[in-house]
Amino acid sequence: MEEELYNNIDKIAMEYYSINPKIIKISKIVTEEIQPIIRDIENIVEFNQLKVLEAMKRSFLSDYHLSDSTGYGYNDTGRETIDEIYKTIFRAEDALVRPQIISGTHAITLCLLGVLRPGDELLSATGTPYDTLKDVIHGDNCGSLKDFNIKYREADLIDGKPNYKAIKENINNNTKMIFIQRSRGYSLRPSLSTVEIKQLIEYIKSLKHDVICFVDNCYGEFVDTNEPIEVGADLCAGSLIKNPGGGIAPTGGYVVGKSELVKLCSDRLTAPGLDKNCGPSMSSNRLIAQGTFYAPLIVGEALKGAIFTSRIMEKMGFEVNPKYNEKRNDIVTAVMLGNKDALINFCKGIQKVGPVDSHVLPEPWAMPGYDHKVIMAGGSFIQGSSIELSADAPLREPYAVYIQGGLNLSHVKLGIMSGLQAMIDSK
Ligand SMILES: *Cc1c(COP(=O)(O)O)cnc(C)c1O
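Residues numbered from 1 in each chain as written. Predicted model: local features only at pLDDT ≥ 70, side-chain atom pairs only at ≥ 80, totals over all residues. Heavy atoms only, no water.

Draft legend 1. Spatial organisation of the overall build of the protein chain. Per the secondary structure count, the protein chain includes twelve helices and twelve strands. Relative to the 2.2 N^0.38 estimate, which gives 22 Å for 427 residues, the radius of gyration of the protein chain is 21 Å and therefore close to what a compact globule would have. Its C-alpha atoms give the protein chain principal-axis dimensions of roughly 65 × 50 × 40 Å. Of all 427 residues assigned to the protein chain, the portion counted as buried reaches 57%. Taking as baseline every contact in the protein chain between residues at least 6 positions apart, the subset at least 24 positions apart corresponds to 70%. Put simply, the protein chain shows about 18300 Å² of open surface, and 53% of that area lies on carbon and sulfur atoms. Of the charged side chains in the protein chain, 46 are positive and 54 negative, and the gap between their average positions amounts to 2 Å. (Helix = DSSP H or I, 4+ residues; strand = E, 2+ residues; numbered from the N terminus. Rg over C-alpha atoms; globule rule 2.2 N^0.38 Å. Buried < 20%, exposed > 50% of the residue type's maximum accessible area, 1.4 Å probe, protein only. Contact = heavy atoms within 4.5 Å. Areas by Shrake-Rupley, 256 points an atom, 1.4 Å probe, with all protein chains shown as cover. Lys, Arg positive; Asp, Glu negative; His and termini not counted. Charge placed at Lys NZ, Arg CZ, Asp CG, Glu CD.)

Draft legend 2. The packing of helix α2 (residues 21-33) against helix α12 (residues 409-425), seen in detail. Running from N to C, α2 and α12 cross one another at 145 degrees; their axes reach a closest spacing of 11 Å. Where α2 crosses over α12, the two elements pack in a sense that is right-handed. Within the contact between the two elements, α2 uses Ile23, Ile24, Ser27 and Thr31 and α12 uses Lys413, Met417, Leu420, Gln421 and Ile424. For the contact of α2 with α12, the per-class residue count stands at five nonpolar, three polar and one charged. (Axes fitted to C-alpha atoms, helices over the stretch in contact; angles between N-to-C directions. Left-handed = near helix turned anticlockwise from the far one by under 90°. Nonpolar A, V, L, I, M, F, W, Y, C, P; charged D, E, K, R; others polar.)

Draft legend 3. Seen up close, the site of the ligand. For the ligand, the full set of nearby residues is Ser103, Gly104, Thr105, Ile108, Tyr130, Gln181, Asp216, Cys218, Tyr219, Ser239 and Lys242. Measuring from a nitrogen atom of the ligand, one finds a side-chain N or O atom of Asp216 at 2.6 Å. Protein contact buries 90% of the 380 Å² of open area that the ligand shows by itself. Placement of the ligand is best described as lying within the largest pocket. No other element matches the three residues that helix α5 (residues 104-115) contributes to the shell around the ligand. The residue makeup of the shell around the ligand, split by class, is four nonpolar, five polar and two charged. (Near = heavy atom within 4 Å. Polar contact = N/O pair within 3.5 Å; in protein donor to acceptor, adjacent residues only side chain to side chain. 1 Å grid on protein atoms, 1.4 Å probe; cavity = no way out; pocket = protein on both sides within 12 Å on 5 of 7 lines; lining within 4 Å. Sits in = over half its atoms within 2 Å of the grid points.)

Draft legend 4. Inspection of the environment of Gly405 at higher detail. Position of Gly405 relative to the elements: it lies in the loop between β12 (400-404) and α12. Judged by its relative accessible area of 4%, Gly405 is buried. Along the backbone, Gly405 and Leu66 are 339 residues apart, and their C-alpha atoms lie at a distance of 26 Å. Discounting residues that sit within four places of it in the chain, Gly405 has contacts with Ala302, Ile331, Ser386, Ile387, Glu388, Leu389 and Val412.

Draft legend 5. View of the sheet that holds strand β1 (residues 94-98). The seven strands are arranged β1-β7-β6-β5-β4-β2-β3 in an open sheet whose pairing can be described as mixed. Whereas interior strands pair on both sides, the edge strands pair on one side only; in this sheet they are β1 and β3 (151-154). Adjacent strand axes in the sheet meet at a mean angle of 20 degrees when their direction is disregarded. As paired elements, strand β2 (residues 121-124) and strand β4 (residues 175-181) share four bridges and run parallel to each other. Across the sheet, residue Leu122 finds its bridge partner in β4, namely Met177. (Pairing = 2+ DSSP bridges.)

Remember, this is a structural readout, not a statement about activity or role.
Structure representation (structure tokens):
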């Protein structure tokens, strides 16, 4: 019976998606091999699921919270309850969760421009921040940190890890905020564990106790059993079309942290003095709440997919980062495909099995906020969602593709097999 089912699955993969039986065979071997690691992930999923449920119970999330507000959005108890839930999940003093925050970049920008003032300095403790922050920091005449005379310094990484000596050398009287990026983003450095973030923040605070430690938490939520605020961060931000939106939140971002800092971010999002009491939820309360409920499970599926991806790509002869049995601190897997054509073909293969736009061929384009052309494959329900299976790559050396997301392991497996097949077919 089981064998028959297996054969039927193979048939679909071969007939509908033209996957070579050899790739299907390797996929099966890899699936068996990664079982022990998958069990570890399931433990983290369960822990985080209980954490989320407890937060919902504690906030008395009710049916009437799941409806909408319009206009100014005053008295939106659903929005307020979702803020409470985030506060509890992230162990923060306050939270700002809004559909008006359109992306991770936007949420991070609120934290930088909301808190920093002319003459202040920002120091990145984790090297160059994610690509889209370049203009936020250095842009000309666009309301960047530079435009407001907020200075920026960078402590380069050493062997992919924070360089404590460089951090010390770059902290001065004007340093108001330290920027820490948890995930690798589009770079080949390893992501930081919450243990590493804790050590880093302890060190930074020993140099300057009142400096604000900010963590870019994009792709990091629910990957581990704790989050940045629990290990000493003062402020932390992320995107709802990544991990914490559970693939269901239609848009949005969040900021969590110290109350006075979250208030500053809120004033920056809307207008000075408006506080957190406004912002219409429109149709988002139910979707954001439900997405939060799903997030631990979905992040678990994305992690299982990531482990599968690392293992099979390594077996196929590619350098991968991280390796399948290394500890994960984000949902991203980088695979060095080595050249532009391989990269483009792999992305086309991923797109081919997407639930949406599977007939569309992704092409490299000059996406706003990025220096190089970027190719993005997805075929997601939510535009640009990268908690859904997606493969992105800036077209630059070493032609690494960054694969992340996947609402379920089966889809990731098919996607990776299809990507491999597309590379083989193009030869
Ligand atoms: C995705 C990402 C961002 C930016 O988020 P967008 O939603 O794409 O604007 C920032 N930092 C890191 C580490 C990311 O992975």
